[in-house]
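Fold and geometry: a report
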Amino acid sequence: MIIAEIGQAHDGSLGNAHAFIDALAETGIDAVKFQTHIAEAESSSFEPFRVKFSKQDSTRFDYWKRMEFTPEQWKGIKDHCEEKNLEFISSPFSNAAVDLLEELGVKRYKIGSGELGNFLMLDRIAKTGKPIILSSGMSSFEELDKTFDFLKPFGNSLSILQCTTAYPTQPEQWGLNVMSELKDRYQVPVGFSDHSGDIYACLAAASLGSEIFEFHVVFDKRQFGPDSPASISIDQTKVLCEGIKKIQSAIQHPVVKSDNQKYSELKVMFGKSLAVNKTLSEGYILTVDDLESKKPGDKGIPASNYQNVLGRELNRKLEKWDFLSMEDLKSK
């Protein structure tokens, strides 16, 4: 599954949200992900800005308030996604948001790494019976163990994404090695949630067998918003999707290097046979300086066997560039 996260890149504009859906529908992704914020339910006046980016929002609470859509608007967004054959996903940040998403009929839940300890909300989500994707960004293995142990008894289908909470994430912070550790430890599908701001991390994750990909998208990395530096553009998204699918196809079709029968004609075409590089008389004793290798590879003695002709006597005259065969050599 390839998930493009719009998050708050719409900046509270319903028109922008729908424009993102139209643009992303042409890129090859499988799902669009939003974030459902209900300010009164999840935040307070005490919440600090993660990054002081906004000149129009005096508090983080005000920013979340501006990011809200009405239930009717959320329904329109979900319907639009489905019209474009994209799954609508949205991360909730409160029980009230879970209730809203249930009314919309979402198929699965993606849990941001900051919510992995929110067992109150996880309880509500788990009781829906729907699949849950967990992002591991801010969690240690000990904390992840507690979350998995809490969720396991509910029986939901679980998957987990390697994620580093840094915006943008530098290559030494990607933590690609953690994917195999997560797979071994939890025995569930594993993926990669990217905040690097480029396509390379997800491509690297694909080569290591990632099954789920998530990344933030913007129309232009210069646009307003806290996640723009850690996002990729719509055009980059198309290139990334093509790359992921090609890498996955390569992994699914391992090459048997010992089986090269299909190259037999090419091996003759590009192969080399021994020839002489000057006119030589009968009785001449061949040296390495008399030899050349010429295409094709089926005209007598293969070039790989040149040592077997050194010191051998010719039993007939050869013209310059004639191919050399064993019949041209006197018996030892």
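Residues numbered from 1 in each chain as written. Predicted model: local features only at pLDDT ≥ 70, side-chain atom pairs only at ≥ 80, totals over all residues. Heavy atoms only, no water.

Description of the overall build of the chain
Under the convention used in this document: Only DSSP runs of H or I with at least four residues qualify as helices, and only runs of E with at least two residues qualify as strands; both kinds are numbered from the N terminus onward. Only C-alpha atoms enter the radius of gyration; for comparison, a globular chain is expected to reach 2.2 Å times N to the power 0.38, where N is the number of residues. Residue burial is assigned from relative accessible area. The probe radius is 1.4 Å, only protein chains are included, and a residue is buried under 20% of its type maximum, exposed over 50%, and partly exposed in between. Contacts were defined at the residue level, with two residues in contact if any of their heavy atoms lie within 4.5 Å. Computed with a 1.4 Å probe, the accessible areas rest on the Shrake-Rupley method; for each residue, only the protein chains presented here act as cover. By the counting scheme adopted, Arg and Lys are positive, Glu and Asp are negative, and His together with the chain ends is not counted. To locate a charge, take atom NZ for lysine, CZ for arginine, CG for aspartate or CD for glutamate.
Helices and strands together make up the secondary structure of the chain, namely eleven helices and eleven strands. Computed over its C-alpha atoms, the radius of gyration of the chain comes to 32 Å, more than 25% above the 20 Å expected for a compact globule of 332 residues. Taking the principal axes of the C-alpha coordinates as reference, the chain spans close to 100 × 40 × 35 Å. Relative to its 332 residues, the chain shows a buried fraction of 44%. Here the analysis covers contacts within the chain between residues at least 6 apart in sequence; of these, 65% occur between residues at least 24 apart. Surface accessibility of the chain: about 16700 Å² in total, with carbon and sulfur atoms responsible for 51%. The averaged location of the 48 negative side-chain charges in the chain is 6 Å from the averaged location of its 39 positive side-chain charges.

Remarks on the nonpolar core
Stated precisely, the cut-off is as follows: Nonpolar cores are built from buried Ala, Val, Leu, Ile, Met, Phe, Trp, Tyr and Cys residues. Side-chain atoms within 4.5 Å join them into one set.
Membership of the largest hydrophobic core comes to 58 residues, with the highest contact counts inside it found for Ile-29, Phe-34, Phe-88, Ile-160 and Phe-215. When sequence neighbours within four positions are dropped, the list of residues in contact with Phe-34 reads Ile-6, Gly-7, His-10, Ala-17, Ile-21, Trp-74, Ile-77, Cys-81, Phe-88, Ile-89, Ser-90 and Ser-91. In terms of nonpolar packing, the next biggest core, distinct from the first, is built from eleven residues, Val-276, Val-309, Leu-314 and Leu-329 among them.

Brief notes about the pairing of strand 6 (residues 158–163)
Rules: At least two bridges found by DSSP between two strands is the condition for calling them paired. Looking down the strands as they point away from you, a crossover is right-handed if its path from the first strand over the helix to the second goes clockwise.
Burial within strand 6 is extensive, with six of its six residues counted as buried. Two elements, strand 5 (residues 132–135) and strand 6, share four bridges in a ladder whose sense is parallel. Within strand 6, the position partnered with Ile-133 by the bridge is Ser-159. With helix 7 (residues 141–151) bridging strand 5 and its parallel neighbour strand 6, the resulting β-α-β unit is right-handed. Relative to strand 7 (residues 190–194), strand 6 runs parallel, the two being bridged by four bridges. Bridged to Ile-160 within strand 7 is Val-190. Handedness of the crossover joining strand 6 and strand 7 through helix 8 (residues 177–186): right-handed.

Points about the packing of helix 1 (residues 14–24) against helix 4 (residues 71–83)
Cut-off, in case you're wondering: Lines are fitted to the C-alpha atoms to define the axes, a helix being fitted only along its stretch in contact, and any angle between axes, read from their N-to-C directions, falls within 0 to 180 degrees. Note on angle classes: values under 35 degrees are labelled roughly parallel, values over 145 roughly antiparallel, values of 65 to 115 roughly perpendicular, and the remainder oblique. Handedness of a crossing is defined here by the sense of rotation of the near helix relative to the far one, left-handed for an anticlockwise turn of less than a right angle and right-handed for a clockwise turn.
Running from N to C, helix 1 and helix 4 cross one another at 10°; their axes reach a closest spacing of 10 Å. Our classification of the angle between helix 1 and helix 4 gives roughly parallel. Of the two possible hands of crossing, helix 1 and helix 4 adopt the one that is right-handed. Where helix 1 approaches helix 4, its residues Leu-14, Ala-17, His-18, Ile-21 and Asp-22 are matched on the opposing element by Gln-73, Gly-76, Ile-77, His-80 and Cys-81.

Let's talk about the side chain of Thr-147
Tracing the backbone through its elements, the reader meets Thr-147 in helix 7. Apart from residues lying up to four places away in sequence, Thr-147 is in contact with Leu-116, Phe-119, Leu-122 and Leu-134.

A closer look at the packing of aromatic side chains
Centre-to-centre distance and the angle between the planes together describe a pair of aromatic rings. Our working rule: Two aromatic rings, drawn from Phe, Tyr or Trp (for Trp, its six-membered ring), form a pair once their centres lie within 6.5 Å of each other, and the interplanar angle then sorts them: stacked below 30 degrees, edge-to-face above 60, tilted otherwise. Only lysine NZ and arginine CZ atoms are considered, and such an atom sits over a ring when it is within 6 Å of the ring centre and within 35 degrees of the ring normal.
Per the stated rule, a full pass over the model turns up nine aromatic pairs. Each ring, one from Phe-69 and one from Trp-74, has its centre 5.3 Å from the other, and the planes form 80°; the classification is edge-to-face. On the basis of relative accessible area, Trp-74 is assigned to the buried category, the value being 2%. An aromatic cluster is defined as three or more aromatic residues linked by ring pairs; in this entry it consists of Phe-34, Phe-69, Trp-74 and Phe-88. In this structure, Lys-294 packs its charged tip against the face of Phe-323, placed 5.4 Å from the ring centre.

Quick notes on the UniProt feature "domain: AFP-like" (unreviewed entry) in the chain
This is how the line gets drawn: UniProt positions are given in the numbering used here, feature names are shortened, and annotations may be inferred rather than shown by experiment.
The UniProt record marks residues 273–332 with the feature "domain: AFP-like" (unreviewed entry), using the residue numbering of this structure. Summarising residues 273–332: 0% helix, 13% strand, and an end-to-end C-alpha distance of 21 Å.

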